[in-house]
Amino acid sequence: MPETTTDEVIQYSLQCAKGHGFDAWFKNAAAFDEQKARGIVSCAVCGDSQVEKAPMAPAVARTDHERRTLASAHPDAAKFREMLREYRRKGMSEADYVGDRFAEAARKIHSGEVEARGIYGEASKDEIAGLIEDGVDFLPLPDVGEDN
Ligand SMILES: [Zn+2]
């Protein structure tokens, strides 16, 4: 497979006839024109092949100035995911589920009002902010499914 570096491709901000905006990469300007003429450039949202460069597309400049940080999959990615899964399993199996009373329960444990024990549950953004402010120790449970 031929290797393509980001320096050799051009990024266009495109727009379909229905007004969906999306980005696409092409080998060069001619490649875009050619693929568009063949009707194989289609909207990422609805599949429409009536695609035009978005009016404000700063095309090439964009790849020069706004670079994205990407990473290939780490060789140990599967291992890390398994560790997170294990952490999640333990966090849940060795703790009591307190539902949406998490903030209240965590605060009681923090203040010593009730005996320390593992709990897990849900909290709103405001409640989380309040817990952080009060110095209550907690961790988010990683959101890792069992099958990916
Ligand atoms: Zn569309």
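A brief structural summary. (Residues numbered from 1 in each chain as written. Predicted model: local features only at pLDDT ≥ 70, side-chain atom pairs only at ≥ 80, totals over all residues. Heavy atoms only, no water.)

1. What about the nonpolar core?
In terms of nonpolar packing, the biggest core is built from eleven residues, these being Ile10, Tyr12, Leu14, Cys16, Phe22, Ala24, Phe26, Phe32, Val41, Cys43 and Val51. Taken together, the elements giving at least two residues each to this core come down to β1 (10-16) and β2 (21-26). At four residues, β1 tops the list of elements feeding residues into this core. Once you skip the residues sitting within four places of it in the chain, Cys16 turns out to touch Phe22, Cys43, Cys46, Asp48, Gln50 and Val51. Within the second largest apolar cluster, nine residues are counted, among which are Phe102, Ala105, Ile109 and Leu131. (Core = buried A, V, L, I, M, F, W, Y, C linked by side-chain atoms within 4.5 Å. Buried < 20%, exposed > 50% of the residue type's maximum accessible area, 1.4 Å probe, protein only. Helix = DSSP H or I, 4+ residues; strand = E, 2+ residues; numbered from the N terminus. Contact = heavy atoms within 4.5 Å.)

2. A few points about the pattern of salt bridges
Evaluation of the coordinates by the stated rule reveals nine salt bridges. We note a salt bridge from Lys90 to Glu94, for which the minimum N-O separation is 3.4 Å. Its relative accessible area of 43% is what places Lys90 among the partly exposed residues. According to the relative accessible area criterion, Glu94 is exposed, its value standing at 56%. Of the charged contacts in the structure, one is a salt bridge between Lys108 and Glu104, with a shortest N-O distance of 3.5 Å. (Salt bridge = Lys/Arg side-chain N within 4 Å of Asp/Glu carboxyl O.)

3. Overview of the packing of aromatic side chains
When we look at a pair of aromatic rings, we describe it by the centre distance and by the angle of the planes. As enumerated under the stated definition, the model contains five aromatic pairs in all. On the basis of an interplanar angle of 45° and a centroid distance of 5.9 Å, the ring pair of Tyr12 and Phe26 is categorised as tilted. Of the two residues, Tyr12 sits in strand β1 while Phe26 sits in strand β2, which places them 14 residues apart along the sequence. Accessibility assignment for this pair places Tyr12 and Phe26 in one class, buried. With a centroid separation of 6.4 Å and 75° between ring planes, the pair formed by Phe102 and Phe138 is classed as edge-to-face. Highlighted residues: Phe102 in helix α4 (residues 102-111) and Phe138 in the segment after α5 (125-133), separated in sequence by 36 residues. You can call Phe102 buried: its relative accessible area is 11%. Using a relative accessible area of 23% as the deciding quantity, one classes Phe138 as partly exposed. (Phe/Tyr/Trp six-rings, centres within 6.5 Å; stacked < 30°, edge-to-face > 60°.)

4. Concerning the environment of Leu141
Assignment of secondary structure puts Leu141 in the segment after α5. It is 9.5 Å that separates the C-alpha atoms of Leu141 and Gly121, two residues lying 20 residues apart in sequence. Residue contacts for Leu141: discarding those within four places in its chain leaves Arg88, Gly91, Met92 and Tyr120.

5. Some thoughts on the packing of α4 against α5
One way to put it is that α4 packs onto α5 with a least axis distance of 10 Å and a crossing angle of 15°. Taken together, the axes of α4 and α5 lie roughly parallel to each other. Here α4 runs over α5; the crossing is left-handed. For the pair formed by α4 and α5, the contact residues are Phe102, Ala103, Ala106 and Arg107 on the first element and Glu127, Gly130 and Leu131 on the second. Grouping the constituent residues of the contact of α4 with α5 by class yields four nonpolar, one polar and two charged. (Axes fitted to C-alpha atoms, helices over the stretch in contact; angles between N-to-C directions. Parallel < 35°, antiparallel > 145°, perpendicular 65-115°, else oblique. Left-handed = near helix turned anticlockwise from the far one by under 90°. Nonpolar A, V, L, I, M, F, W, Y, C, P; charged D, E, K, R; others polar.)

By themselves these figures say nothing about function.
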